[in-house]
Amino acid sequence: MHPLSTIVPGLVWAYHIDPGSGTARRLPADVEASALDIDCGFLWLHLNLSDTRVNGFLEGFAGLTEPARAALTTHDTHASLSVDDQMFYGTLVDFQRNFDSATRDIGWLHFALSDRFIITTRLQPIRSIDLLRAAVEKNAAKFTGPMHVFETLVAEFQRGIISLVLELTDELNVIEDIVYDHETRDERRRLAPVRRIIVRLHRHLRIMLALMRRTAAADDDEMPAGFEDVAQRLTNRLDAADQDVYALHERARLLHEEIDSKLSSETNRHLYILSLMTAFLLPPSLVTGFFGMNTSNLPFTEGTGGSLLAFGFIAGSILAAWLLLRRTGIL
C-alpha cells in the first residue's frame, strides 16, 4: 500500500474496467475518492484486511449492504455464499501464495459484488487473485461485468486444484512403486501429509458445491443478473475437480491399507519365527534346567563324558521338537 494513501486504506490494487472500450485501467495507490465514482463500466477493489482502517472505509462505501460489509471483513475460516438485494457476497477457499510460488496451504478470499463493482479482501496473498489480475490486464475485453470476474476467479481456483491433483498423483505414484516393491518399507509418514491435503480439498470442494447449488436456488428477485448461468458452469467445474480429488482420496486410502497389510504380514512373520525359536529352545531349556538342579544322585556327575552326554540330550530334544512340529504341520 502506498504510504500516503488515506482514501482507500489497505488498497492492494484497484481497476476501472470498461467492457464497452475493452480496457482495464489500474488506478494509482493514492487514488482520489472521486475516481471511485465511475460513470461507465465497473470497479474492482482488492484490499488487505491487515489494515484495520478497511472496516471504516467499507462502512462508507456506497452500494454495500450491511451483510456484504460483514462478509468482506470477517475472519471466519469457512466458505459461504449468499445473495441479497441483487448483491452476491461470501467467502471462497483458495491456496495461499508466497512471494515467488503458490503453496498448498488453504487461504480465504472474501468478496462482494453488484452490477457496478466487485470488492475482494484477504489476509494472506491468494494464488487465484494474482492470476485473475494478470488475466484482466492481458484481455480486459472479455470481462463484461463483475459476475464474469467472479467466474474467472473460481475457474482459476479450479485450475489450481487440477495442478495440485497432478502433483499429488506424481507423489502417490512414487509411494505406490515403493509399496508394491519386494522390500517392505513403511511409507505411512510420507503418505500422511498427502492424505491430509486430499481430505481437506475434498471437504472444501463438497462445501463449495453445496453452497453454489443452494445459492443458485434462491429467488430470482434476490439473484444478481446472470448468476444462474454462472453458477451452473462453476458447479460443473467444481464437480469435475471434486471427482478427481475423490479418486485420489480412494487411491491414497487403498495405499494406506496396503501398507498396513504388508506391515501386519511382516509382523506376523516375525512372530512366527519367534514362536518357532521358542519351541526349539524350550526342550533344551528343560534339559539344562534338569542338570542344573542342586540335588543328589544326578546322572553323569561321576566319571567322564557327562557333559557330552548332556549335550547329546540337548540335541536330541531339539530333534524331537522339530519332528513334533513337522508331524503337526506347523513347519
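Structure report, in brief. All figures in this text were calculated on a predicted structure; none of them were measured in a lab. (Residues numbered from 1 in each chain as written. Predicted model: local features only at pLDDT ≥ 70, side-chain atom pairs only at ≥ 80, totals over all residues. Heavy atoms only, no water.)

1. Quick notes on the overall build of the chain
Turning to step 1, where the next piece is worked out: Counting its regular elements, the chain contains seven helices and seven strands.
Turning to step 2, where the next piece is worked out: Each helix (α) and strand (β) of the chain, taken in turn from the N terminus, gives the series β-β-β-α-α-β-β-β-β-α-α-α-α-α.
Turning to step 3, where the next piece is worked out: Taken against the 2.2 N^0.38 rule, which gives 20 Å for 331 residues, the C-alpha radius of gyration of the chain at 35 Å runs more than 25% over that of a compact globule.
Turning to step 4, where the next piece is worked out: Seen along its three principal axes, the alpha-carbon backbone of the chain occupies a region of about 120 × 40 × 35 Å.
Turning to step 5, where the next piece is worked out: Going through the 331 residues of the chain one by one, you find that 40% of them count as buried.
Turning to step 6, where the next piece is worked out: Long-range pairs, those at least 24 residues apart, make up 68% of the contacts in the chain between residues at least 6 apart in sequence.
Turning to step 7, where the next piece is worked out: Accessible surface for the chain amounts to roughly 18000 Å². Of this, 54% is attributable to carbon and sulfur atoms.
Turning to step 8, where the next piece is worked out: Of the side-chain charges in the chain, 32 are positive and 43 negative, and the distance between the mean point of each set is 7 Å. (Helix = DSSP H or I, 4+ residues; strand = E, 2+ residues; numbered from the N terminus. Rg over C-alpha atoms; globule rule 2.2 N^0.38 Å. Buried < 20%, exposed > 50% of the residue type's maximum accessible area, 1.4 Å probe, protein only. Contact = heavy atoms within 4.5 Å. Areas by Shrake-Rupley, 256 points an atom, 1.4 Å probe, with all protein chains shown as cover. Lys, Arg positive; Asp, Glu negative; His and termini not counted. Charge placed at Lys NZ, Arg CZ, Asp CG, Glu CD.)

2. Examining the environment of Lys142
Turning to step 1, where the next piece is worked out: Looking at the secondary structure, you find Lys142 in the loop between α3 (127-138) and α4 (146-179).
Turning to step 2, where the next piece is worked out: Classification of Lys142 as partly exposed rests on a relative accessible area of 39%.
Turning to step 3, where the next piece is worked out: As a C-alpha pair, Lys142 and Gly22 span 120 residues in sequence and 7.5 Å in three-dimensional space.

3. Considering the sheet that holds strand β4 (residues 80-84)
Across a sheet, strands are paired by hydrogen bonds formed along the backbone, either parallel or antiparallel in direction.
Turning to step 1, where the next piece is worked out: Strand order in this open sheet of seven strands is β2-β1-β3-β7-β6-β5-β4, and the pairing throughout is mixed. Two strands lie at the open edges of the sheet, namely β2 (23-26) and β4, each paired on one side alone. Sheet twist, expressed as the average angle between the axes of neighbouring strands with direction ignored, equals 20 degrees.
Turning to step 2, where the next piece is worked out: On the sheet, α4 packs against β3 (42-48), β5 (87-97), β6 (102-113) and β7 (117-122) and is oriented at approximately 30 degrees with respect to β5. (Pairing = 2+ DSSP bridges. Axes fitted to C-alpha atoms, helices over the stretch in contact; angles between N-to-C directions.)

4. Brief notes about the nonpolar core
Turning to step 1, where the next piece is worked out: If you look at the biggest cluster of nonpolar residues, it comprises 59 residues, and the most contacted ones within it are Phe88, Phe150 and Ile161.
Turning to step 2, where the next piece is worked out: At 13 residues, the largest contribution of residues to this core is made by α4.
Turning to step 3, where the next piece is worked out: Residues contacting Ile161, with those up to four places away along its chain left out, are Phe95, Leu201, Leu205, Ala241 and Val245.
Turning to step 4, where the next piece is worked out: Core analysis: the second largest hydrophobic core is formed by 24 residues, Ala14, Val31, Leu45 and Leu47 among them. (Core = buried A, V, L, I, M, F, W, Y, C linked by side-chain atoms within 4.5 Å.)

5. Regarding the packing of aromatic side chains
Turning to step 1, where the next piece is worked out: By the definition in use, this model includes nine aromatic pairs.
Turning to step 2, where the next piece is worked out: Ring centres 5.0 Å apart and planes at 70 degrees place the aromatic pair Phe88 and Phe111 in the edge-to-face group. Taken together, the residues span a long stretch of sequence, with Phe88 in strand β5 and Phe111 in strand β6 at a distance of 23 residues. Accessibility assignment for this pair places Phe88 and Phe111 in one class, buried.
Turning to step 3, where the next piece is worked out: Feature note: the residues Phe88, Phe111, Phe150 and Phe227 constitute an aromatic cluster, connected by ring pairs. (Phe/Tyr/Trp six-rings, centres within 6.5 Å; stacked < 30°, edge-to-face > 60°.)

6. Some points on the side chain of Glu156
Turning to step 1, where the next piece is worked out: Take Glu156: it is sitting in helix α4.
Turning to step 2, where the next piece is worked out: Setting aside anything within four residues of it in sequence, one finds Glu156 in contact with Arg127, Ser128 and Leu131.

7. Let's talk about the pairing of β2
Turning to step 1, where the next piece is worked out: Pairing analysis gives four bridges linking strand β1 (residues 11-18) to β2, with the strands arranged antiparallel. Within the sheet, the bridge partner assigned to Tyr15 lies in β2 and is Arg26.
Turning to step 2, where the next piece is worked out: A loop of four residues connects β1 with β2, the two strands running antiparallel in sequence, and Gly22 in this loop sits at a positive phi of about 70 degrees.

8. Re the pairing of β5
Side chains on a regular strand alternate between the two faces of the sheet.
Turning to step 1, where the next piece is worked out: Of all 11 residues in β5, nine are buried, a share of seventy percent or more.
Turning to step 2, where the next piece is worked out: Examined bridge by bridge, β4 and β5 share five bridges and lie antiparallel to one another. Residue pairing for β5: Asp84 is matched across the bridge by Met87.
Turning to step 3, where the next piece is worked out: Count of turn residues in the β4/β5 antiparallel hairpin: two residues, of which Asp85 carries a positive phi of about 55 degrees.
Turning to step 4, where the next piece is worked out: Inspection of the sheet shows β5 paired to β6 by nine bridges, in the antiparallel sense. Its bridge partner being in β6, Asp94 is matched across the sheet by Gly107.
Turning to step 5, where the next piece is worked out: Where β5 folds back on β6, the antiparallel hairpin that results is connected by four residues.

9. Let's talk about the environment of Ala112
Turning to step 1, where the next piece is worked out: Relative to the elements of secondary structure, Ala112 occurs in strand β6.
Turning to step 2, where the next piece is worked out: Take Ala112: its relative accessible area is 0%, and that puts it in the buried class.
Turning to step 3, where the next piece is worked out: Distance from Ala112 to Ile259, taken between C-alpha atoms, is 47 Å for residues 147 residues apart in sequence.
Turning to step 4, where the next piece is worked out: Excluding residues that lie within four positions of it along the chain, Ala112 makes contacts with Leu64, Ala68, Leu72, Phe88, Tyr89, Phe117, Ile118 and Ile119.

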